[in-house]
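In case you want the letters, here they are:
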Amino acid sequence: MRRLFILLALMCSLTANGENLPLTYERISLSVSAGEEVENDTLIATLFSQKEGNNPAQLATQVNQDMQKAIAAATHYTSVKLQTLDYTTNPIYRNNTLSGWRVRQSIQLESQDPVAISELIGKLQASLSVASTHYTVSPAKRERVEEGLIAQAIQSFKARAELITHEMSSQGYRLVHMDINSSRSAPRSYAMQGMALRAEAAPSLEAGTQRVEVHISGSIELQIK
(Lines give C-alpha, C1' and ligand atoms only; values in the text may rest on other atoms or scores of the structure.)
Protein backbone atom coordinates (compact mmCIF):
# COMPACT_ATOMS: atom_id res chain seq x y z
CA MET A 1 0.00 0.00 0.00
CA ARG A 2 2.85 2.39 0.87
CA ARG A 3 4.54 1.69 -2.49
CA LEU A 4 1.29 2.37 -4.37
CA PHE A 5 0.87 5.69 -2.57
CA ILE A 6 4.38 6.83 -3.55
CA LEU A 7 3.75 5.89 -7.20
CA LEU A 8 0.48 7.85 -7.30
CA ALA A 9 2.15 10.89 -5.73
CA LEU A 10 4.94 10.81 -8.33
CA MET A 11 2.42 10.62 -11.21
CA CYS A 12 0.51 13.60 -9.86
CA SER A 13 3.72 15.59 -9.56
CA LEU A 14 4.69 14.89 -13.18
CA THR A 15 1.22 15.88 -14.37
CA ALA A 16 1.35 19.18 -12.48
CA ASN A 17 4.84 20.03 -13.77
CA GLY A 18 3.80 19.20 -17.31
CA GLU A 19 1.47 22.17 -17.29
CA ASN A 20 4.52 24.46 -16.91
CA LEU A 21 6.72 22.79 -19.53
CA PRO A 22 8.08 25.19 -22.22
CA LEU A 23 6.45 25.24 -25.65
CA THR A 24 7.84 22.91 -28.28
CA TYR A 25 10.17 24.56 -30.83
CA GLU A 26 11.83 23.62 -34.13
CA ARG A 27 15.41 24.77 -34.64
CA ILE A 28 16.64 26.37 -37.90
CA SER A 29 20.11 27.68 -38.75
CA LEU A 30 20.62 30.72 -40.95
CA SER A 31 23.34 33.19 -41.93
CA VAL A 32 23.58 36.68 -43.41
CA SER A 33 26.36 39.05 -44.51
CA ALA A 34 26.88 42.79 -44.95
CA GLY A 35 29.83 44.36 -46.75
CA GLU A 36 31.24 47.67 -47.93
CA GLU A 37 34.16 48.91 -50.05
CA VAL A 38 36.29 51.06 -47.74
CA GLU A 39 38.90 53.59 -48.80
CA ASN A 40 42.36 52.70 -47.50
CA ASP A 41 43.68 55.50 -45.33
CA THR A 42 47.00 54.24 -43.94
CA LEU A 43 50.26 53.56 -45.78
CA ILE A 44 52.78 51.19 -44.20
CA ALA A 45 56.33 50.83 -45.54
CA THR A 46 59.19 48.61 -44.42
CA LEU A 47 62.78 49.66 -45.15
CA PHE A 48 66.04 48.02 -44.16
CA SER A 49 69.79 48.43 -43.95
CA GLN A 50 71.90 45.38 -44.78
CA LYS A 51 75.69 45.08 -44.77
CA GLU A 52 77.96 42.14 -45.59
CA GLY A 53 81.61 41.64 -44.79
CA ASN A 54 84.15 39.88 -42.60
CA ASN A 55 83.93 42.05 -39.50
CA PRO A 56 80.51 41.70 -37.78
CA ALA A 57 81.25 44.49 -35.28
CA GLN A 58 82.05 46.93 -38.07
CA LEU A 59 78.96 45.85 -40.00
CA ALA A 60 76.80 46.38 -36.93
CA THR A 61 78.21 49.90 -36.53
CA GLN A 62 77.36 50.73 -40.15
CA VAL A 63 73.81 49.41 -39.81
CA ASN A 64 73.32 51.32 -36.55
CA GLN A 65 74.48 54.52 -38.24
CA ASP A 66 71.94 54.02 -41.04
CA MET A 67 69.20 53.47 -38.48
CA GLN A 68 70.17 56.57 -36.50
CA LYS A 69 70.07 58.69 -39.66
CA ALA A 70 66.64 57.31 -40.52
CA ILE A 71 65.28 58.00 -37.04
CA ALA A 72 66.68 61.53 -37.10
CA ALA A 73 65.14 62.21 -40.51
CA ALA A 74 61.76 60.84 -39.39
CA THR A 75 61.60 63.27 -36.46
CA HIS A 76 60.90 66.05 -38.97
CA TYR A 77 57.73 64.24 -40.10
CA THR A 78 55.40 64.33 -37.12
CA SER A 79 52.59 62.63 -39.04
CA VAL A 80 54.75 59.55 -39.68
CA LYS A 81 55.10 56.84 -37.04
CA LEU A 82 58.45 54.99 -37.03
CA GLN A 83 59.14 51.64 -35.39
CA THR A 84 62.37 49.64 -35.45
CA LEU A 85 61.94 45.97 -36.29
CA ASP A 86 64.13 42.86 -36.33
CA TYR A 87 67.91 43.07 -35.97
CA THR A 88 69.84 40.03 -37.22
CA THR A 89 73.46 38.91 -37.58
CA ASN A 90 73.89 35.80 -39.75
CA PRO A 91 76.95 33.93 -40.99
CA ILE A 92 77.48 33.48 -44.74
CA TYR A 93 78.74 30.11 -45.91
CA ARG A 94 80.21 29.19 -49.26
CA ASN A 95 81.20 25.58 -49.93
CA ASN A 96 80.55 24.78 -46.26
CA THR A 97 83.10 27.38 -45.22
CA LEU A 98 82.43 30.58 -43.31
CA SER A 99 83.07 33.40 -45.76
CA GLY A 100 81.56 36.40 -43.99
CA TRP A 101 78.70 37.92 -42.07
CA ARG A 102 75.42 39.63 -42.89
CA VAL A 103 73.93 42.22 -40.54
CA ARG A 104 70.44 43.60 -41.14
CA GLN A 105 67.86 45.73 -39.39
CA SER A 106 64.47 46.99 -40.56
CA ILE A 107 62.20 49.90 -39.72
CA GLN A 108 58.51 50.36 -40.33
CA LEU A 109 56.88 53.64 -41.31
CA GLU A 110 53.15 54.21 -40.90
CA SER A 111 51.10 57.27 -41.72
CA GLN A 112 47.76 58.55 -42.93
CA ASP A 113 49.59 61.40 -44.67
CA PRO A 114 50.62 59.95 -48.06
CA VAL A 115 52.58 63.05 -49.10
CA ALA A 116 54.72 63.10 -45.96
CA ILE A 117 55.49 59.39 -45.86
CA SER A 118 56.25 59.23 -49.59
CA GLU A 119 58.66 62.13 -49.24
CA LEU A 120 60.34 60.51 -46.25
CA ILE A 121 60.71 57.20 -48.09
CA GLY A 122 62.39 59.01 -50.95
CA LYS A 123 64.92 60.62 -48.60
CA LEU A 124 65.65 57.44 -46.66
CA GLN A 125 66.50 55.54 -49.82
CA ALA A 126 69.88 57.29 -49.79
CA SER A 127 70.96 54.72 -47.18
CA LEU A 128 68.09 52.22 -46.88
CA SER A 129 66.34 49.83 -49.24
CA VAL A 130 62.57 49.44 -49.45
CA ALA A 131 61.35 45.94 -48.62
CA SER A 132 57.60 46.49 -49.04
CA THR A 133 54.79 49.01 -48.93
CA HIS A 134 51.06 48.52 -48.66
CA TYR A 135 47.91 50.45 -47.97
CA THR A 136 45.40 49.38 -45.35
CA VAL A 137 42.46 50.67 -43.32
CA SER A 138 43.28 52.15 -39.94
CA PRO A 139 41.88 50.29 -36.88
CA ALA A 140 39.69 53.25 -35.87
CA LYS A 141 38.10 53.54 -39.31
CA ARG A 142 37.65 49.78 -39.58
CA GLU A 143 35.88 49.68 -36.21
CA ARG A 144 33.47 52.42 -37.28
CA VAL A 145 32.68 50.63 -40.53
CA GLU A 146 32.24 47.24 -38.85
CA GLU A 147 29.85 48.70 -36.26
CA GLY A 148 27.62 49.96 -39.06
CA LEU A 149 27.83 46.65 -40.91
CA ILE A 150 26.96 44.70 -37.75
CA ALA A 151 23.80 46.79 -37.37
CA GLN A 152 22.88 46.10 -41.01
CA ALA A 153 23.58 42.38 -40.69
CA ILE A 154 21.50 42.07 -37.51
CA GLN A 155 18.55 43.73 -39.23
CA SER A 156 18.94 41.30 -42.15
CA PHE A 157 19.11 38.37 -39.72
CA LYS A 158 15.90 39.49 -37.99
CA ALA A 159 14.14 40.00 -41.32
CA ARG A 160 15.12 36.54 -42.51
CA ALA A 161 14.09 34.95 -39.23
CA GLU A 162 10.68 36.65 -39.46
CA LEU A 163 10.31 35.53 -43.08
CA ILE A 164 11.05 31.93 -42.10
CA THR A 165 8.62 32.17 -39.21
CA HIS A 166 5.86 33.42 -41.50
CA GLU A 167 6.51 30.86 -44.26
CA MET A 168 6.58 28.02 -41.73
CA SER A 169 3.24 29.22 -40.31
CA SER A 170 4.71 29.51 -36.82
CA GLN A 171 3.51 31.69 -33.97
CA GLY A 172 6.96 33.14 -33.36
CA TYR A 173 10.61 32.33 -32.78
CA ARG A 174 13.35 32.79 -30.24
CA LEU A 175 17.08 33.26 -30.80
CA VAL A 176 19.17 30.30 -29.65
CA HIS A 177 22.65 31.65 -30.47
CA MET A 178 24.40 34.12 -32.77
CA ASP A 179 28.02 34.33 -34.00
CA ILE A 180 29.38 37.59 -35.46
CA ASN A 181 32.61 37.57 -37.47
CA SER A 182 34.36 40.10 -39.69
CA SER A 183 36.59 39.53 -42.70
CA ARG A 184 38.74 41.77 -44.82
CA SER A 185 40.64 41.60 -48.07
CA ALA A 186 44.42 41.48 -48.20
CA PRO A 187 46.28 44.82 -47.98
CA ARG A 188 47.10 46.41 -51.32
CA SER A 189 50.84 45.95 -51.84
CA TYR A 190 53.20 47.65 -54.26
CA ALA A 191 56.40 46.33 -55.83
CA MET A 192 59.32 48.60 -55.02
CA GLN A 193 62.21 47.00 -56.92
CA GLY A 194 64.73 49.45 -58.27
CA MET A 195 63.54 52.39 -56.21
CA ALA A 196 66.78 52.55 -54.25
CA LEU A 197 68.47 53.84 -57.41
CA ARG A 198 66.49 57.07 -57.04
CA ALA A 199 67.22 58.23 -53.53
CA GLU A 200 65.22 61.46 -53.72
CA ALA A 201 62.32 60.08 -55.76
CA ALA A 202 59.12 59.98 -53.72
CA PRO A 203 57.03 56.96 -54.77
CA SER A 204 53.65 57.65 -56.34
CA LEU A 205 51.08 55.38 -54.71
CA GLU A 206 47.31 55.07 -54.95
CA ALA A 207 45.38 54.12 -51.82
CA GLY A 208 42.59 52.13 -53.46
CA THR A 209 39.93 50.32 -51.45
CA GLN A 210 39.40 47.04 -49.69
CA ARG A 211 36.21 45.23 -48.83
CA VAL A 212 35.19 44.88 -45.20
CA GLU A 213 32.51 42.31 -44.44
CA VAL A 214 30.59 41.15 -41.40
CA HIS A 215 29.09 37.65 -41.27
CA ILE A 216 26.40 36.58 -38.83
CA SER A 217 25.34 32.99 -38.33
CA GLY A 218 22.93 31.65 -35.75
CA SER A 219 20.03 29.44 -34.87
CA ILE A 220 16.41 30.17 -34.10
CA GLU A 221 13.67 27.94 -32.73
CA LEU A 222 10.22 28.19 -34.20
CA GLN A 223 7.15 27.95 -32.01
CA ILE A 224 4.77 25.26 -33.20
CA LYS A 225 1.10 26.18 -33.29
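As shown above, the structure is provided for reference.
Residues numbered from 1 in each chain as written. Predicted model: local features only at pLDDT ≥ 70, side-chain atom pairs only at ≥ 80, totals over all residues. Heavy atoms only, no water.

**Student:** I keep staring at the overall build of the protein chain and nothing clicks. Help me out?
**Tutor:** Check the secondary structure of the protein chain and you find 4 helices and 8 strands. The helix and strand sequence of the protein chain, counted from the amino end, reads α-β-β-α-β-β-α-β-α-β-β-β. Put simply, of all contacts in the protein chain between residues at least 6 apart along the chain, 81% involve residues at least 24 apart. Of the accessible surface of the protein chain, which amounts to about 14000 Å², a share of 51% is contributed by carbon and sulfur atoms. (Helix = DSSP H or I, 4+ residues; strand = E, 2+ residues; numbered from the N terminus. Contact = heavy atoms within 4.5 Å. Areas by Shrake-Rupley, 256 points an atom, 1.4 Å probe, with all protein chains shown as cover.)

**Student:** I would appreciate a short explanation of unusual backbone geometry in the present structure.
**Tutor:** Negative phi values dominate among residues other than glycine, just as trans dominates among peptide bonds. Phi is positive for Asn95, close to 55°, though the residue is something other than glycine. Take Asn95: it is sitting in the loop between strand S3 (80–94) and strand S4 (97–111). Judged by relative accessible area, Asn95 falls into the exposed class, the value being 78%. The phi dihedral of Ser169 falls on the positive side, at around 55°, and the residue is not glycine. (Buried < 20%, exposed > 50% of the residue type's maximum accessible area, 1.4 Å probe, protein only.)

**Student:** What am I meant to see in the nonpolar core here?
**Tutor:** Side chains of nonpolar character tend, in soluble globular proteins, to be buried together. If you look at the biggest cluster of nonpolar residues, it comprises 22 residues, and the most contacted ones within it are Leu47, Ile107, Leu109 and Leu124. For this core, the elements supplying multiple residues, two or more each, are strand S2 (42–53), helix H2 (56–74), S4, helix H3 (114–124) and strand S5 (129–136). The next biggest cluster of nonpolar side chains, apart from the first, holds 16 residues, and it includes Leu30, Val38, Val212 and Val214. (Core = buried A, V, L, I, M, F, W, Y, C linked by side-chain atoms within 4.5 Å.)

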